[in-house]
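So the chains spell out like this:
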Amino acid sequence: MAHVLLSGDTHHELLVFEGLLALTNIASCQQGHSLTKLPCGDRKGGDGQARPLHKVLTQELLYEKNPRIQLATCELLANLSLTSEFQEMAQENDEEQDG
């Protein structure tokens, strides 16, 4: 369900917002670690390749015009940042940018 709501096929803001809230709830429980590498579609009409959830969140949804989507994205990122997988991924991205 989350994959469909956050894919490039969904442009309705309410569906995106509800999807983000659902993912936020999942991320707050023990199963949240599995969300870190959840594949998501390209919402901006690029090549259509699936990308990891964290890239869609940080590169697209944080910059949406709707402030509720921005807020839900920020809350989801906060919950995901508590998982060890997300922390390792963030550290790897920092090392890639520094190197």
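The structure contained in this document is the topic of the report that follows.

Conventions and cut-offs
Residues numbered from 1 in each chain as written. Predicted model: local features only at pLDDT ≥ 70, side-chain atom pairs only at ≥ 80, totals over all residues. Heavy atoms only, no water. Helix = DSSP H or I, 4+ residues; strand = E, 2+ residues; numbered from the N terminus. Contact = heavy atoms within 4.5 Å. Areas by Shrake-Rupley, 256 points an atom, 1.4 Å probe, with all protein chains shown as cover. Patch = residues over 30% accessible without salt bridge, like charges linked within 9 Å, V, L, I, M, F, W, Y side chains within 5 Å. Salt bridge = Lys/Arg side-chain N within 4 Å of Asp/Glu carboxyl O. Lys, Arg positive; Asp, Glu negative; His and termini not counted. Charge placed at Lys NZ, Arg CZ, Asp CG, Glu CD. Buried < 20%, exposed > 50% of the residue type's maximum accessible area, 1.4 Å probe, protein only. Polar contact = N/O pair within 3.5 Å; in protein donor to acceptor, adjacent residues only side chain to side chain. Core = buried A, V, L, I, M, F, W, Y, C linked by side-chain atoms within 4.5 Å. 1 Å grid on protein atoms, 1.4 Å probe; cavity = no way out; pocket = protein on both sides within 12 Å on 5 of 7 lines; lining within 4 Å. Points joined across faces, edges and corners; volume = space filled by probe spheres on them. Nonpolar A, V, L, I, M, F, W, Y, C, P; charged D, E, K, R; others polar.

Next up on the list: the overall build of the chain. The helix and strand inventory of the chain stands at five helices and two strands. In sequence order, the secondary structure elements of the chain are arranged as α-α-β-β-α-α-α. At a minimum sequence separation of 6, the contacts of the chain that also span at least 24 residues come to 47%. Here the chain displays about 6,200 Å² of accessible surface, and carbon together with sulfur accounts for 52% of that area.

A contiguous patch of negative charge on the surface is contributed by E85, E88, E92, D94, E95, E96 and D98. Relative to the assigned elements, D98 resides in helix 5 (residues 84-98).

Tracing the sequence through the fold places T83 in the loop between helix 4 (67-80) and helix 5. Exposure remark for T83: the relative accessible area of 12% places this residue in the buried category. At a separation of 2.7 Å, a polar atom in the side chain of T83 contacts the main-chain carbonyl oxygen of L80. Side-chain polar atoms of T83 contact the backbone nitrogen of F86, separated by 3.3 Å.

Attention now moves to the nonpolar core. Formed by 17 residues in total, the largest nonpolar core has its most connected members in L20, L35, L53, L57, L61, L76 and L80. Contributing elements (two or more residues each) for this core: helix 2 (13-27), helix 3 (53-59) and helix 4. For this core, the leading source of residues is helix 4, giving five residues.

Moving on: the layout of surface pockets. Looking at the largest pocket, its volume works out to about 160 Å³. Mapped onto the lining of the largest pocket, the elements with two or more residues apiece are helix 3 and helix 5. In terms of residue count, the dominant contributor to the lining of the largest pocket is helix 5 (six residues). Residue composition of the lining of the largest pocket, grouped by class: three nonpolar, five polar and two charged.

When you line up the elements, R51 lands in strand 2 (residues 51-52). Residues R51 and P39, twelve residues apart in the sequence, show an inter-C-alpha distance of 5.2 Å.

Nothing here speaks to function; it is geometry throughout.
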